[in-house]
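Fold and contact review
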Amino acid sequence: MGRLKPMLTAGTRLPSERELSKRLRVSRPSLREALRTLELMGVVDTRHGSGTHVADSGTEILKKPLEFLLHLDRPSIADLHETRTLLEIHLAGRAAERRTDADLEALDAALRDMKKNLPRPSDVTDPDLRFHTAIAAASHNRLLERLMNCLREAISAMMEAAWPGQADMKASYDLHVRVATAIRKKDVDAARQAMTRHMDGMTRELREVGLLT
């Protein structure tokens, strides 16, 4: 009896449902349920007409179920912001320790787009998210990076809601520059301090628009 290879690379097409159920010695209904669960977890991707494949990237793994739990539990803005703050400060320090030249290029690209869009706060959200995503990637901790990715939509919504509470977009941009500069210099303490100031600013903005007490 043939067996599946122990490792499947991203994008690998799985055997047919019939062949897979035969190899694993499970019923086809049980196999379908298992594949549906894996798809919800972001592990596999079912493409119409081309079968089921291992996901191209691990970034979506656990993202969908966590987003579903967020919809069910409806955590408060305070809980989300506290969680983000804890992650971001730690990630900034790790990024300062471990960043590569490629990581710095990603940070710089996000900063350039942020600066260009400062007159239009709603257009700053995307490069702002990219900036924080780049910091998570620069930490080179795959689990923490995935956790940040799982919170991406919630963070985006908080950013959008908080912009009206930001009195000085340039000041906000300057804080991002301070974080990036500390990471570039590999100054762990300065990176954490700059990110703490940034998160404190976000707290004030959320209070200004009435989302935090």
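Residues numbered from 1 in each chain as written. Predicted model: local features only at pLDDT ≥ 70, side-chain atom pairs only at ≥ 80, totals over all residues. Heavy atoms only, no water.

Some words on the pattern of salt bridges
Using the criterion set out here, one finds 13 salt bridges in the structure. Across the pair R23 and E19 runs a salt bridge whose closest N-O atoms are separated by 2.9 Å. Of this pair, R23 and E19 both sit in helix α1 (residues 17-24), separated by 4 residues, roughly a single helical turn. Assessed through its relative accessible area of 30%, R23 is described here as partly exposed. Of the charged contacts in the structure, one is a salt bridge between E33 and R36, with a shortest N-O distance of 2.3 Å. Of this pair, E33 and R36 both sit in helix α2 (residues 28-40), 3 residues apart, which is roughly one turn of that helix. Look at R36 and you get partly exposed, because its relative accessible area is 45%. (Salt bridge = Lys/Arg side-chain N within 4 Å of Asp/Glu carboxyl O. Helix = DSSP H or I, 4+ residues; strand = E, 2+ residues; numbered from the N terminus. Buried < 20%, exposed > 50% of the residue type's maximum accessible area, 1.4 Å probe, protein only.)

So, the nonpolar core
Counting 42 residues, the largest nonpolar core has L91, L107, F131, I135, I155, V179 and I183 as the members making the most contacts within it. For this core, the element with the highest residue contribution is helix α10 (residues 188-208), accounting for 7 residues. Apart from the residues lying within four places of it in its own chain, the contact partners of L107 are F131, A134, I135 and I183. One finds L14, L20, L31 and V54 within the second-largest nonpolar core, a separate group that totals 6 residues. (Core = buried A, V, L, I, M, F, W, Y, C linked by side-chain atoms within 4.5 Å. Contact = heavy atoms within 4.5 Å.)

Some words on the confidence of the model for the chain
Chain-level pLDDT for the chain is 86 on average; 87% of the residues reach the 70-or-more range. Looking across the chain, the model is least confident in helix α3 (residues 63-73), with a mean pLDDT of 61, and most confident in helix α5 (residues 101-116), with 98. (pLDDT = per-residue confidence, 0-100.)

Some remarks on α2
An ideal rise of 1.5 Å per residue puts 18 Å on 13 residues; α2 measures up with 18 Å between its terminal C-alpha atoms. Downstream of α2 by a residue or two, G42 has a phi angle that is positive, lying close to 85 degrees. (Expected span 1.5 Å × (residues − 1).)

Some details on the environment of S139
Within the element layout of this structure, S139 appears in the loop between α6 (125-138) and α7 (142-150). Residue S139 is classed as buried on the basis of its relative accessible area, which comes to 0%. Between the alpha carbons of S139 and A96 there is a distance of 7.7 Å; along the sequence they are 43 residues apart. Residue contacts for S139: discarding those within four places in its chain leaves L91, R94, A95 and R98.

Quick look at the packing of helix α4 (residues 77-98) against α6
Here α4 crosses α6 at 60 degrees, and the two axes come no closer than 7 Å. When the axis of α4 is compared with that of α6, the two are oblique. Relative to α6, α4 is oriented so that their crossing is left-handed. Between α4 and α6, the contacting residues are R84, E88, L91, A92, R94, A95 and R98 on the first element and H132, I135, A136 and A138 on the second. Looking at side-chain class alone, the contact of α4 with α6 contains 6 nonpolar, 1 polar and 4 charged residues. (Axes fitted to C-alpha atoms, helices over the stretch in contact; angles between N-to-C directions. Parallel < 35°, antiparallel > 145°, perpendicular 65-115°, else oblique. Left-handed = near helix turned anticlockwise from the far one by under 90°. Nonpolar A, V, L, I, M, F, W, Y, C, P; charged D, E, K, R; others polar.)

Focus on the packing of α6 against helix α8 (residues 152-162)
The description of two helices packed together rests on the angle between their axes and the distance between the axes. It is at 10 Å that the axes of α6 and α8 come closest, and there the two elements cross at 135 degrees. Comparing the axis directions of α6 and α8 gives the class oblique. The interaxial crossing formed by α6 with α8 has right-handed handedness. For the pair α6 and α8, contact is made by T125, D126, D128, L129, H132 and T133 and by R152, I155, S156, M159 and E160, respectively.

What about the pairing of strand β2 (residues 51-54)?
By the bridge criterion, 4 bridges tie strand β1 (residues 44-47) to β2 in an arrangement that is antiparallel. When the sheet's bridge partners are listed, R47 is paired in β2 with G51. Count of turn residues in the β1/β2 antiparallel hairpin: 3 residues, of which G49 carries a positive phi of about 90 degrees. (Pairing = 2+ DSSP bridges.)

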